[in-house]
Amino acid sequence: MPGEVPLLFTHWGAYRATVADGTLQELEGLAGDPDPSPIGRSIPGTLRDELRIHQPMIRAGWLRHGPASREQRGQEPFVPVSWELASALVAGEIRRVTTEHGNSAIFGGSYGWASAGRFHHAQSQLHRFLNACGGYTFSVNTHSYAAAEVLLPHVLGSQDGLVGRHTPWAVLERHTKLMVMFGGMPLKNTQVSAGGVGHHDVAAHLRRCRAAGMEFVNIGPLREDAMAELEAEWITPRPNTDTALMLALAHTLWAEGLHDAAFLARCTTGFDRFLPYLTGAADGQPKDAAWAAAICGLDAGAIRALARRMAATRTMIAVAWSLQRADHGEQPLWAAVTLAAMLGQIGLPGGGFGFGYGGSNRIGHAPHPFSWPALPQGRNPVRDFIPVARVADMLLHPGAPFDYDGQRRHYPEIRLVYWAGGNPFHHQQDLNKLAAAWKKPETVVVHEPWWNALAKQADIVLPCTTSAERNDIGIATGEAHLFAMRQLVPPVGEARSDFDILSGIATHLGLADAFTDRRDEMGWVRHLYALARQRAASHELALPDFEQFWQDGHIRLPQAAQETSLLQAFRADPDAAPLATPSGRIEIFSETIAGFGYADCPGHATWLEPAERLDGTGALLHLVSNQPRTRLHSQYDHGAYSRQSKVAGREPVTMHPADAAARGITGGMLVRLFNERGACLAGAVLSDAVMPGIVQLATGAWYDPAPDGLDRHGNVNVLTLDKGTSALSQAPSAHTTLVQVEPYTGTPPATHAFLPPEILEPRP
Ligand SMILES: Nc1nc2c(c(=O)[nH]1)N[C@H]1C(S)=C(S)[C@@H](COP(=O)(O)OP(=O)(O)OC[C@H]3O[C@@H](n4cnc5c(=O)[nH]c(N)nc54)[C@H](O)[C@@H]3O)O[C@H]1N2
Ligand SMILES: Nc1nc2c(c(=O)[nH]1)N[C@H]1C(S)=C(S)[C@@H](COP(=O)(O)OP(=O)(O)OC[C@H]3O[C@@H](n4cnc5c(=O)[nH]c(N)nc54)[C@H](O)[C@@H]3O)O[C@H]1N2
Ligand SMILES: [Mo]
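Definitions and limits used
- Residues numbered from 1 in each chain as written.
- Chains lettered and ligands numbered in written order.
- Predicted model: local features only at pLDDT ≥ 70, side-chain atom pairs only at ≥ 80, totals over all residues.
- Heavy atoms only, no water.
- Helix = DSSP H or I, 4+ residues; strand = E, 2+ residues; numbered from the N terminus.
- Rg over C-alpha atoms; globule rule 2.2 N^0.38 Å.
- Buried < 20%, exposed > 50% of the residue type's maximum accessible area, 1.4 Å probe, protein only.
- Contact = heavy atoms within 4.5 Å.
- Axes fitted to C-alpha atoms, helices over the stretch in contact; angles between N-to-C directions.
- Left-handed = near helix turned anticlockwise from the far one by under 90°.
- Nonpolar A, V, L, I, M, F, W, Y, C, P; charged D, E, K, R; others polar.
- UniProt positions renumbered as here; feature names shortened; annotations may be inferred.
- Near = heavy atom within 4 Å.
- Polar contact = N/O pair within 3.5 Å; in protein donor to acceptor, adjacent residues only side chain to side chain.
- Domains from an automatic or database assignment.
- Lys, Arg positive; Asp, Glu negative; His and termini not counted.
- Salt bridge = Lys/Arg side-chain N within 4 Å of Asp/Glu carboxyl O.
- Buried area = accessible area lost by both parts, 1.4 Å probe.

> Please clarify how the overall build of the protein should be interpreted in this entry.
Looking only at helices and strands, the protein features 25 helices and 29 strands. The C-alpha atoms of the protein give a radius of gyration of 26 Å, which matches the 27 Å a tight globule of 764 residues would have. Overall, the protein is about 80 × 65 × 50 Å in size when its C-alpha atoms are taken along their principal axes. Residues classed as buried in the protein amount to 64% of the 764 residues present. Counting only contacts in the protein whose residues sit at least 6 apart along the sequence, the fraction spanning at least 24 positions is 76%.

As structure tokens, this is what we get:
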């Protein structure tokens, strides 16, 4: 009986927990999960490790001199203080900044994943609190797929096929004959879903697809982005040249009369505006296979053959979210939709396109027809915002203008940064630039469980609990597993939940009732469950009462037997079920976007040179900074499972043996990666499963800058490019980065990533 066994629910799955003597001993995959994630192995050992923060901490200089000491941020010891003092100081800063400068001087975007759980959702907690304080400058869109979030509503009228409503696996298994995967479907990424996973079943779905005879093509730099059993054909265009390849596939369809003219006429608009560009009538350059072959480093015949194969059978074009986390990341999305429209299979079972099938366990699951409850955040009266990845630009250039989706806006001047539940010293590109920008605000407040880089870069560090130390309700969206997240162990030291931390500060500001709504933790958990129960009931799904749920620990709702393909109703009758675009059709050309007049995002899918890319000379290498197999972003990098993957004590960097030989690098060697933005150390792994010309260094190694700026541990974001994809979406361009690699010949510096900062004696 699950009720007997306590559960720990995370973004990468649910585990049965063994607890003894008030400590978490062991985690085992949830019964029925065919493929539990090994990331859970890192949790028991880190829950009470030496990196946990036990007490509120204040940077020594801030305690003495306040905001005037900001140049020392990140370099000074910390002083432990009481909750009473820490809460009063934070409340005082909020009062000072809002009174003197207004609420837009607080940056509370606080992007990040934090931990699973509907109530203890750090970002929602912080936003609710700051709204009670009168608001804050916020951020829009995600690091995951910001370019898509802005572009696709113009092209498709919604984000269907990006975050949900994908053609489900059950339909793919039966109907798709050819799966063309740009960026593959890396199983390592499907360990995870935002909010949590019940059963990991992407591998099983893929196996069923293969058993049904589906053929796979993996287009991208890493062979292992496609599971070996799929026997995928591996095509390796130079990274960031997918748009040229897609245009050439489209050109071949056109040149050979393989396109579906009837579908284009009935369901799309603007093909006539795109065609002169495709054929070269507009600019003298046909976007044909020979043209793309030179850009991509592929064989023109292979491109034409793939186009013919796609036209000859039921083809799904799957595009990884990674392709749009690159300079001009809007273009591969628009080109993929254009190519799929020319094939004419959009809305047919198993045909068309889908984004992110390998990006999350959730994609391709049938959602329930209602949304699950979340902590209400209240209303933010402040109108200032930034696109999520523009945080360093905002801090560095207050008042400067920026474009975003047809608007011209200005960066506000930020005095107070408040971050809970994300790690900008993990996620932000060009960390040396961020480190400089981070000196600008007067005060930085952070909630963190561990002494990671973000905590070390704060002025006021408020220690927060982890999921094992509090009560919550967990919902694996899409799969509809509900979990009672009962507290397993007492909190470490004086650590508090984000809710309790913020309640304490709210009390100092006279806002306690506004923030808590007079509910405590269990009051909120019961309230959110009651809402979930109501919503389920209105869709004829009966959930047990709270006591029963809390005792049983786990509810699995019947999966909705969803058979609908993406855009099926639209295809069947575009007049009866039009898209929410200006034309009601798929916009191969968008008057709206063309009207913005952006040179870096014209009115139709266009090949635009990225800021940097491989040019065929072999001098520099393209950096693939993909998601880590052994952790969630930077979370649990200090855990056993991530640590055992390190090479020479650093994050492993994988490169092709030929590229290594050309640089005198052998496997296991300590190497230095560098470019004009920064440098880091890493441990070399040689493999022919990466294409020549690239190096792969996953994100998430804890940032560990030496005084000269060298990152000693292998944080890839000291190398990456901090540039908006275009004026349209200003999305992150992490996947557009060239580097050089060389053996590291000096005495290897010790890493400090997993050491806490110096802690001074508490003040009397
Ligand atoms: N180069 C490169 N960079 C990338 C990407 C890439 O592909 N390449 N991918 C990007 C993408 S897609 C994403 S989504 C981002 C992810 O970036 P983030 O979401 O910022 O990364 P995390 O490491 O998950 O950060 C979560 C933080 O919350 C803390 N935390 C956990 N639970 C709690 C809690 O209950 N309360 C509080 N207060 N804190 C908690 C964790 O300790 C951790 O420090 O990274 C982006 N960065
Ligand atoms: N284990 C684990 N799983 C995760 C996460 C994690 O941190 N850990 N993070 C989660 C999050 S927040 C997100 S948003 C998703 C992200 O999901 P994705 O965006 O799919 O993730 P990535 O691993 O960055 O990229 C997938 C693959 O794209 C390929 N690629 C990179 N650049 C190019 C290119 O220019 N062209 C082509 N054709 N291929 C390219 C790389 O080979 C890379 O392995 O993953 C989620 N899953
Ligand atoms: Mo993401």
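Now that the structure is up, let's keep going.
> What is the right way to read the packing of helix α3 (residues 83-101) against helix α18 (residues 498-508) from this model?
Any two packed helices are characterised by how steeply their axes cross, that is the angle between the axes, and by the distance between the axes. Packing of α3 against α18 brings their axes to within 8 Å, and their N-to-C directions diverge by 65 degrees. When you trace α3 past α18, the crossing you get is right-handed. Note on element contacts: α18 touches α3 through I501, G504, I505 and H508, opposite W83, E84, S87, A88, V90, A91, I94 and R95. Its residues assigned to classes, the contact of α3 with α18 shows 7 nonpolar, 3 polar and 2 charged.

> Could you clarify how one ought to interpret the UniProt feature "domain: Molybdopterin oxidoreductase" (unreviewed entry) in the protein in this entry?
Under the present numbering, the feature "domain: Molybdopterin oxidoreductase" (unreviewed entry) in UniProt falls on residues 52-506. End C-alpha to end C-alpha, residues 52-506 measures 25 Å, and it is 35% helix and 16% strand.

> What exactly am I supposed to notice about the site of ligand 2 here?
Around ligand 2 lies a shell of 30 residues, among which D225, N240, D242, S322 and H633 are the nearest. At a separation of 3.0 Å, a nitrogen atom of ligand 2 approaches a polar backbone atom of I219. Separating an oxygen atom of ligand 2 from a backbone N or O atom of N240 is a distance of 2.8 Å. Of the residues belonging to the shell around ligand 2, the class tally is 13 nonpolar, 12 polar and 5 charged. Split by domain, the residues of the shell around ligand 2 number at least three in each of domain 2 (146-366 + 581-596) and domain 3 (621-743).

> Explain the side chain of D711 to me, please; I cannot follow it from the model alone.
Along the chain, the position of D711 falls in the loop between β28 (694-697) and β29 (738-743). No salt bridge is formed by the buried D711. Its closest oppositely charged neighbour is R712, at 7.0 Å. Discounting residues that sit within four places of it in the chain, D711 has contacts with A679, C680, L681, W702, Y703, D704, P705 and V718.

> Explanation requested: the domain arrangement of the protein in the structure shown.
In many analyses, interface size is given as the accessible surface area lost on bringing the parts together. Each assigned domain of the protein is listed with its residue range as follows: domain 1 (57-141 + 384-532), domain 2 (146-366 + 581-596) and domain 3 (621-743). Contacts between the two partners involve 13 residues from domain 1 and, on the opposite side, 17 residues from domain 2. For the pair domain 1 and domain 2, the summed buried surface comes to about 1200 Å²; carbon and sulfur atoms form 61% of the total. In this assembly, domain 1 and domain 2 are joined by 0 salt bridges. Linking domain 1 to domain 2 there are 3 residue pairs in polar contact (both at pLDDT 80 or more). Mapped onto the side of domain 1 that touches domain 2, the elements with two or more residues apiece are β20 (472-476) and β21 (481-485). The residue inventory of the side of domain 1 that touches domain 2, partitioned by class, reads 6 nonpolar, 5 polar and 2 charged.

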